[in-house]
Structure formats: structure tokens, C-alpha cells
Amino acid sequence: QSVLTQPPSVSGAPGQRVTISCTGSSSNIGAGYNVHWYQQLPGTAPKLLIYGNNNRPSGVPDRFSASKSGTSASLAITGLQAEDEADYYCQSYDGSLSGVFGGGTKLTVL
Amino acid sequence: QVQLQQSGPGLVKPSQTLSLTCAISGDSVSSNSATWNWIRQSPSRGLEWLGRTYYRSKWFNDYAGSVKSRITINPDTSKNQFSLQLNSVTPEDTAVYYCARAPRIQAAGTEFDYWGQGTLVTVSS
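What comes next is a walk through the structure. The shown structure was predicted, so the numbers you read here are calculated from the model rather than taken from an experiment.

Here the focus is the state of the cysteines. Residue and element names in this part refer to chain A. If you walk through the whole model with that rule in mind, you get 2 disulfides over all chains. The residue that forms a disulfide with Cys 22 is Cys 90, at a sulfur-sulfur distance of 2.1 Å. Across the disulfide from Cys 22 to Cys 90, rotation about the S-S bond amounts to roughly 80 degrees, and the bridge is consequently right-handed. Of this pair, Cys 22 sits in strand β2 (residues 18-23) while Cys 90 sits in strand β7 (residues 86-93), and the two are 68 residues apart along the sequence.

Residue and element names in this part refer to chain A. Reading across from one edge, β2-β6-β5 is the order of the 3 strands in this open sheet, with antiparallel pairing throughout. At either margin of the open sheet sits one strand with a lone partner, and together these are β2 and β5 (64-69). For this sheet the average axis-to-axis angle between neighbouring strands, irrespective of direction, equals 15 degrees. Relative to strand β6 (residues 72-77), β2 is paired through 6 bridges, and the arrangement is antiparallel. Each bridged residue has a counterpart across the sheet, and for Thr 19 the counterpart in β6 is Ala 76.

Residue and element names in this part refer to chain B. Within strand β9 (residues 95-102), 7 of the 8 residues are buried, which leaves the element mostly enclosed by the surrounding structure. By the bridge criterion, 7 bridges tie strand β4 (residues 35-42) to β9 in an arrangement that is antiparallel. Each bridged residue has a counterpart across the sheet, and for Arg 40 the counterpart in β9 is Tyr 97. Pairing analysis gives 2 bridges linking β9 to strand β10 (residues 114-115), with the strands arranged antiparallel. Each bridged residue has a counterpart across the sheet, and for Ala 100 the counterpart in β10 is Trp 115.

Attention now goes to the pairing of strand β1 (residues 3-7) of chain B. Sheet faces and side chains relate simply in a regular strand, where the side chains alternate between the two faces. Residue and element names in this part refer to chain B. Residues of β1 alternate between two faces, with Leu 4 and Gln 6 buried on one and Gln 3, Gln 5 and Ser 7 left unburied on the opposite face. Relative to strand β3 (residues 18-25), β1 is paired through 5 bridges, and the arrangement is antiparallel. Bridge pairing in β3 places Gln 6 opposite Cys 22.

Between chain A and chain B, the contact holds 18 residues from the first and 17 residues from the second. When the two sides are added together, the surface that chain A and chain B hide from each other amounts to roughly 1,600 Å², 58% of it contributed by carbon and sulfur. For the pair chain A and chain B, the number of links is 9 residue pairs in polar contact (both at pLDDT 80 or more). Put simply, the parts of the chain that give the side of chain A that touches chain B at least two residues each are β3 (36-40), β7 and β8 (99-101) of chain A. A breakdown of the residues in the side of chain A that touches chain B according to their chemical character gives 9 nonpolar, 9 polar and no charged.

What follows concerns the nonpolar core. Where a protein is soluble and globular, its nonpolar side chains tend to be buried together. Formed by 40 residues in total, the largest nonpolar core has its most connected members in Leu18(B), Trp38(B), Phe82(B), Leu84(B), Tyr97(B), Phe112(B) and Trp115(B). Counting only elements with at least two residues in this core, the list comes to β7 of chain A together with β3, β4, β5 (46-55), β7 (71-76), β8 (81-86), β9 and β11 (119-123) of chain B. At 6 residues, β9(B) tops the list of elements feeding residues into this core. With sequence-adjacent residues up to four places away left out, Phe112(B) is seen in contact with Tyr38(A), Leu48(A), Gln91(A), Tyr93(A), Phe101(A), Asn37(B), Ile39(B), Trp49(B), Ala100(B), Arg101(B) and Ala102(B).

Next up on the list: the packing of aromatic side chains. With the rule as written, the count across this model stands at 10 aromatic pairs over all chains. Plain terms: the ring middles of Tyr33(A) and Tyr93(A) are 6.5 Å apart, the flat faces sit at 40 degrees to each other, and that makes the pair tilted. A residue pair is termed long-range when its members are at least 10 positions apart, and Tyr33(A) in the loop between β2 and β3 and Tyr93(A) in strand β7 qualify at 60 residues. A relative accessible area of 7% means that Tyr93(A) is categorised as buried. Pairing Tyr38(A) with Trp115(B) gives two aromatic rings, centres 5.6 Å apart and planes at 75 degrees, and the pair type is edge-to-face. Taken as a pair, Tyr38(A) in strand β3 and Trp115(B) in strand β10 lie in two separate chains rather than in one. Linked through ring pairs, Tyr38(A), Phe101(A), Tyr98(B), Phe112(B) and Trp115(B) together constitute an aromatic cluster.

The next thing to look at is the side chain of Gln91(A). Relative to the assigned elements, Gln91(A) resides in strand β7. Take Gln91(A): its relative accessible area is 0%, and that puts it in the buried class. Only 2.5 Å separates the side chain of Gln91(A) from the side chain of Tyr38(A), close enough to count as a polar contact. Excluding anything up to four places from it in sequence, Gln91(A) contacts Leu4(A), Asn34(A), Val35(A), His36(A), Tyr38(A), Gly99(A), Val100(A), Phe101(A), Thr110(B), Glu111(B) and Phe112(B).

Reading the values: the criteria
- Position labels on residues start from 1 in each chain and follow its written sequence.
- Labels follow written order: the first chain is A, the first ligand is 1, and so on.
- Reporting in this predicted model follows two pLDDT cut-offs: at least 70 for local features of residues, and 80 or more for side-chain atom pairs to be given and counted; totals over whole chains, interfaces and linings ignore these cut-offs and use all residues.
- Working from all heavy atoms in the structure, the side-chain values ignore hydrogens and water.
- Here, the term disulfide refers to a pair of cysteine sulfur atoms separated by no more than 2.5 Å.
- A run of DSSP states H or I qualifies as a helix once it reaches four residues; a run of E qualifies as a strand once it reaches two. Both are numbered from the N-terminal end.
- One bridge is not enough; two strands pair if DSSP finds at least two bridges between them.
- As a rule, the C-alpha atoms of each element are fitted with a line to give its axis, helices using only the stretch in contact, and angles between N-to-C directions run from 0 to 180 degrees.
- Residue burial is assigned from relative accessible area. The probe radius is 1.4 Å, only protein chains are included, and a residue is buried under 20% of its type maximum, exposed over 50%, and partly exposed in between.
- Residue contacts are counted whenever heavy atoms from the two residues lie within 4.5 Å of one another.
- The term buried area means the drop in 1.4 Å probe accessible area that two parts suffer when joined, counted for both and summed.
- Pairs of N or O atoms are called polar contacts if they sit within 3.5 Å, as long as, within protein, a hydrogen donor faces a hydrogen acceptor (for residues adjacent in sequence, only side-chain-to-side-chain pairs).
- Polar here means any residue other than Ala, Val, Leu, Ile, Met, Phe, Trp, Tyr, Cys and Pro, which are nonpolar, and Asp, Glu, Lys and Arg, which are charged; Gly is therefore polar.
- Buried Ala, Val, Leu, Ile, Met, Phe, Trp, Tyr and Cys residues that are joined via side-chain atoms within 4.5 Å together make up what is termed a nonpolar core.
- Planes of paired rings set the category: under 30 degrees apart is stacked, over 60 is edge-to-face and the rest tilted, where pairs are Phe, Tyr or Trp rings (Trp by its six-membered ring) whose centres lie within 6.5 Å.

The structure is reproduced here in C-alpha cells:
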């Protein structure tokens, strides 16, 4: 059972916008800790997608954005493309200073 | 560009010790800003942070409570790498193990910006 809760799956057609939620608690996201997002393609390591709640590393398209409010965060992907089909994970910290992750969301591009 | 290259056996017998190494290029295990982490991923437990080592005038280690009694993470400055040892493994420790860099320590928590390629470790007799 992951500390952060994500929907198991989301889907969208090419060109559409999808959002993925990440729900935590007052001991992690709600405590003010940053939220980060990762994209994981099959058979590969997670790749950093968003850091510090809403910042994109160099090379990540601006189709990817994120926000945080209260005990939750969300990742938005606009202009959906076939190559976006992957698993997405959120990550934050909790009171014991360890990294905590969401259970992951499988994005299917219809 | 930071690269992390993992090595180690993919099969460990129950009750024995899991040992993995992560070789760093493009940064230093003795960095005064980064931390060096081990994370594992399994269908039953998802992504689970295991622990980290870092240098701030001296060496520090932090471990997840779930493995604290069984885990050791050590830096090797001569080879610019760090290692994971997990003792007394059971089939529940079967997972893909990743090493990862966190670029800094900050009060609001930080991300893992570079990851190793992953090593599937199966615990079985």
C-alpha cells in the first residue's frame, strides 16, 4: 500500500488533455514537502518529469505541468501523444524524511 | 552528464545477503550537495526508498524504517561508487533495485534526478 494515492489508470485520445492526481496527508504533501513526478516507460528506470511541485528539467516538453494544493498534487499532460503512454509516479517526503511514492498511474493513449 | 551504472547478482538465496554496487560518473560520491540513494520497485510494494549516504564534512547514512535493521549503504571514494547490502533476505525482498542521485538536501524535500538502469534481484533457493 503506497503512502501517496494515485488512480491506477487514466486514458485519453491523441491531442487531448489528461490529469493524474496524487493524494497525500498532513504528514507529507500537506506538511509542505515538495512533490515530484516521474515517467516510467516499460523496462526502464523512472525519469524525472517535474521537480519542486511545478518545475520541468531541461528537455521535458512544456506539455507537462503540475500543481500542488493542500494535501494533493496533480500532473497535467496536454496535446497527448502516443509516446506519452507510460506509468507516472508522484513522490514527496514524510515526517521521517524518507522519500515516499504514489502507487503509479498507467496512462493509455487511445 | 551524470551516469549511474549498477552491478551485482540477480539471484540471492533466502537468508543470505543482497549486495549491489552503483558506479558514478559525472559527479562525486563525496559531493557536498548530492545524496546517493537506493530505491526498489516491486508489484506488491511499489516504489520504496531504502536509504542514502552523503558527505557533509563527514559521512552520513539514513535508512527506511522498514529495512533499518538489515541494511548498510557504504561509499567507496577510491572507486567513486556506493553499495547496498541487505541482510537476511526473504522472497519479499524480490524487486528491481535502483540507485539514484538526489541533487541536494533541502527542508522541503528533493527529487531523484538521475537513476541507475535497475537490477532485478530475485530471492529464491
